[in-house]
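A closer look at the structure
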Amino acid sequence: MANIMIRRGDKGEYVFYLPKRDLEDTVTSMEFDTPEKWGGEIKLNNGGSYYIEPQVAPARLPFSVRAKRLDAAE
Amino acid sequence: MSNLTREETEALIQEVLEVYPEKAQKDRAKHLAVNDQSIEQSKKCITSNRKSLPGVMTIRGCAYAGSKGVVWGPIKDMIHISHGPVGCGQYSRAGRRNYYIGTTGVNAFVTMNFTSDFQEKDIVFGGDKKLAKIIEEIEGLFPLHKGISVQSECPIGLIGDDIEAVSKKGAATINKPVVPVRCEGFRGVSQSLGHHIANDAIRDWVFERDGKDTINKFEPSPYDVSIIGDYNIGGDAWSSRILLEEMGLRVVAQWSGDGTLSELENTPKVKLNLLHCYRSMNYISRHMEEKYGIPYMEYNFFGPTKIEESLRKIAAFFDESIQKKCEEVIAKYRPMVDAVIEKFKPRLTGKRVMLYVGGLRPRHVIGSYEDLGMEVVGTGYEFGHGDDYDRTIKEMGNATLLYDDVTGFEFEEFVKRVKPDLIGSGIKEKYIFQKMGIPFRQMHSWDYSGPYHGYDGFAIFARDMDMTLNNPCWGKLVPPWQKPAAEGEALQKAA
Ligand code: SF4
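To keep things clear, this report deals only with the structure shown in the data block. Throughout this description, residue numbers start from 1 for each chain and increase along the sequence as written. Chains carry letters and ligands carry numbers; both start at the beginning, A for chains and 1 for ligands, and go up in the order they are written. Owing to the predicted nature of the model, reporting of local features is limited to residues with pLDDT of at least 70; listing and counting of side-chain atom pairs is limited to 80 or more, with chain, interface and lining totals taken over all residues. Hydrogens and water molecules were not included; the side-chain quantities draw on all heavy atoms of the structure.

Glancing now at the overall build of chain A. Secondary structure summary: chain A contains 0 helices and 6 strands in total. Taken from N to C terminus, the helices and strands of chain A fall in the order β-β-β-β-β-β. The globule rule puts the C-alpha radius of gyration for 74 residues at 11 Å, and the 11 Å found for chain A is close to it. In terms of overall dimensions, chain A has a C-alpha envelope of 35 × 25 × 20 Å along the principal axes. When checking whether two residues touch, look at their non-hydrogen atoms; a contact exists if any pair is within 4.5 Å. Look at the contacts in chain A between residues 6 or more apart in sequence, and 27% of them connect residues 24 or more apart. Surface accessibility follows the Shrake-Rupley procedure with a 1.4 Å probe radius. Residue values consider only the protein chains on display as shielding. When the accessible surface of chain A is summed, it comes to about 4200 Å², and 49% of that surface belongs to carbon and sulfur atoms. A gap of 5 Å separates the mean positions of the 11 positive and 12 negative side-chain charges of chain A. Runs of E in the DSSP output that reach at least two residues are strands. Runs of H or I that reach at least four are helices, and both are numbered from the N terminus. Only C-alpha atoms enter the radius of gyration, while the globule expectation follows 2.2 Å times N to the 0.38, with N the number of residues. Charged residues are defined here as Lys and Arg on the positive side and Asp and Glu on the negative side; His and the ends of the chain fall outside this count. Here the site of a charge means NZ on Lys, CZ on Arg, CG on Asp, or CD on Glu.

Structure (structure tokens):
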């Protein structure tokens, strides 16, 4: 489990940030992206993927949340 | 010399790598690349933020340098104790040219060196008592200081001193903030982690400090912005600040060149954070975006093209009155900029530059060179991360060289082959290249000149580049008796 931060990029896309490793990347897909259910498996541009416990969408971004690493691309 | 093609550049990298043992070769190969603008992700071509290879010459600093030297050091009304042996602070004292206004030793302390000067007995018995005493002494000797930061050097982490406890106690006795920073030099692979640790210390110890709001009476306005990641090298932040102010914005804080503690404390109330050095201060900007809902915007004040672009981008965030004034500012400086370009472009056009610097300059200054008709043919970061290279690929031409944490040997070999007309790097590289007969500018300290930011800075930048490149001394490096015969005869006739 790691603390990550999700924010909106310039083009309105989700941007993933992992403070521990100073890793910034765009999110290419998020499993659930509705106001009631948000999160699930997220895929990054670098090929890695993380899992956020599905939850109500945050009222405001950026949003820090704990996520599980499924597959880290190196 | 004409530019190398992609194949030639690739071959050059291979050739340079050949001298290394196999394992080192494999490691270094990942840090050297030929730029390809079509690549979206720098990760595909270059690896960064890794431990330097033992045995090669690297130019990196340590985490203490990143925290004390870069982030905390320029905050002028605080006293920054270099906690540990005397050398770390003394050998880096006042080297960075962060200009500030104030009376040194009375209400500003940037160029002074405060250290706990560890001796053997402090290592053996711990230095906590000494630190407590220093805090008291500082309060007695420099009553106008606004706070203290404790910058840990390597031994502090090794002997396990509890600087947090001492700081808390000290803060209570002197009734001013005392910030412990765990930036021991051995943390991380370069100064970059020091920036991060320093940012986190500001978050935890400055923003979260109790009672700060009762002292600071702050009247917000709709046009409040802060300048983040500008260290006022040679006055950079000042020449940036006036442009923003002319545009109608109110600059509430400068992080951290010529900055003060109350400026830091007021920043969570601004409308927009303007981020110049992304590498060293993106952490705190991200934090403020999440916690206080203040968006941040990266900008670039090097060279008129980028300045205009940035000013318009900043103005677009505010209302029409700002946008109108922004256009006026651009129009006002246009004649001055045109005159600079008219004067210097003919003298500099077509010249090729290689850069190797730190946080933002390897990509930010490209614009100012291009405005003068020059071309950057190689660039690299001492301690950049993947996101820095992501941002660099688009700025650099195709088939140019990218080198991460370049070693002394590689840099020299690249220069010998690429034969740039000018090199921009640091003091450690300066004399090597000057002795090789190549014009050189220090791009960390602006070679004791500056500012280079903003329109005023651009004029100085152009003059400095011309002064260096077209200096007559470069033609005098070969002694007459080693000159080719024809030239020698011509000389004799002349004599
Ligand atoms: S690595 Fe350690 S000993 Fe060396 S300058 Fe940095 S803090 Fe000081």
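Once you've had a look at it, read on.
Here we take up the site of the ligand. The rule for a residue being near a molecule or strand is that one of its heavy atoms must lie within 4 Å of it. Neighbouring the ligand are Cys62, Tyr64, Cys88, Glu153, Cys154 and Gly185 of chain B. Residues were grouped as follows: Ala, Val, Leu, Ile, Met, Phe, Trp, Tyr, Cys and Pro as nonpolar; Asp, Glu, Lys and Arg as charged; and all remaining residues, including Gly, as polar. Per-class residue counts for the shell around the ligand are 4 nonpolar, 1 polar and 1 charged.

Residue and element names in this part refer to chain B. Patches here: salt-bridge-free residues with over 30% relative accessible area, like charges joined within 9 Å, nonpolar side chains (Val, Leu, Ile, Met, Phe, Trp, Tyr) joined within 5 Å. Salt bridge criterion: a side-chain nitrogen from Lys or Arg within 4 Å of a carboxyl oxygen from Asp or Glu. On the surface, Ile123, Val124 and Phe125 cluster together into a nonpolar patch covering about 350 Å² of accessible area. Secondary-structure assignment places Val124 in helix H5 (residues 120-125). Exposure categories follow from relative accessible area, calculated using a 1.4 Å probe and restricted to protein chains: below 20% of the type maximum is buried, above 50% is exposed, and the middle band is partly exposed. Taking the relative accessible area as the measure of exposure, Val124 reaches 61% and is therefore exposed.

Here we take up the nonpolar core. Most often, soluble globular proteins have nonpolar side chains that are buried together. Residue and element names in this part refer to chain B. By nonpolar core is meant a set of buried Ala, Val, Leu, Ile, Met, Phe, Trp, Tyr and Cys residues that side-chain atoms within 4.5 Å join together. Among the nonpolar cores identified, the biggest contains 91 residues, and Trp72, Ile202, Trp255, Leu311, Ile314, Tyr369 and Met443 are the most heavily contacted of them. With 10 residues, helix H15 (residues 320-348) is the largest single contributor of residues to this core. Excluding anything up to four places from it in sequence, Trp72 contacts Ser67, Met78, His80, Ser149, Gln151, Val179, Val181, Ala198, Ala201, Ile202 and Val206. One finds Val34, Ala399, Phe411 and Phe433 within the second-largest nonpolar core, a separate group that totals 26 residues.

This brings us to the sheet that holds strand S10 (residues 352-355) of chain B. All names here are of chain B. We treat two strands as partners when DSSP finds at least two bridges between them. Across the sheet, 6 strands lie side by side as S1-S12-S11-S10-S13-S14; this open sheet has mixed pairing. On the outer flanks of this sheet lie strand S1 (32-34) and strand S14 (440-442), each paired with one strand and no other. For this sheet, the mean inter-axis angle between neighbouring strands, taken without regard to orientation, is 25°. Pairing analysis gives 2 bridges linking strand S11 (residues 375-379) to strand S12 (residues 401-403), with the strands arranged parallel. Bridged to Gly378 within S12 is Leu401. Here an axis means a line fitted to C-alpha atoms, over the contact stretch when the element is a helix, while the angle between two N-to-C directions is reported on a 0 to 180 degree scale. Across the sheet, helix H1 (residues 6-17) is in contact with S1 and S12; its angle to S1 comes to roughly 165°.

Here we take up the side chain of Asp388 of chain B. Here Asp388 of chain B lies in helix H18 (residues 386-393). The residues touching Asp388 of chain B, leaving out its near neighbours within four places in the chain, are Tyr278, Arg279, Gly359, Arg363 and Tyr381 of chain B.

Moving on, we come to the side chain of Arg352 of chain B. All names here are of chain B. Among the secondary structure elements, Arg352 is positioned in strand S10. Among buried charged residues, Arg352 stands out as having no salt bridge; its nearest opposite-charge side chain is Asp421, 4.8 Å away. For this analysis, a polar contact is any N or O atom pair within 3.5 Å, provided that within protein one partner can donate a hydrogen and the other can accept it, and provided that sequence-adjacent residues contribute only side-chain to side-chain pairs. For Arg352, the side chain forms a polar contact with the main-chain oxygen of Val418, separated by 3.2 Å. Among the polar contacts listed, one links the side chain of Arg352 to the backbone oxygen of Lys419, at a separation of 3.1 Å.

Let's shift gears to the sheet that holds strand S8 (residues 272-275) of chain B. All names here are of chain B. In spatial order, the strands read S7-S6-S8-S9; together these 4 strands make up an open sheet with parallel pairing. Of all the strands in the sheet, just strand S7 (250-256) and strand S9 (296-298) have a single pairing partner and so form its edges. Strand after strand, the sheet turns through a mean of 25° between neighbouring axes, direction not considered. Packing against the sheet, helix H11 (residues 236-246) makes contact with strand S6 (224-230), S7 and S8, and its axis sits at approximately 155° to S6.

A few words on unusual backbone geometry. The phi angle of most residues is negative, glycine excepted, and most peptide bonds adopt the trans form. Geometrically, the link from Leu61 of chain A to Pro62 of chain A is a cis peptide bond, its omega value of 0° lying close to zero. Locating Pro62 of chain A in the fold gives a position in the loop between strand S5 (49-55) and strand S6 (63-71). Residue Ser256 of chain B is bonded to the preceding Trp255 of chain B through a cis peptide linkage, with omega at -15°. By secondary structure assignment, the location of Ser256 of chain B is in strand S7.

By themselves, these figures tell us nothing about what the structure is for.
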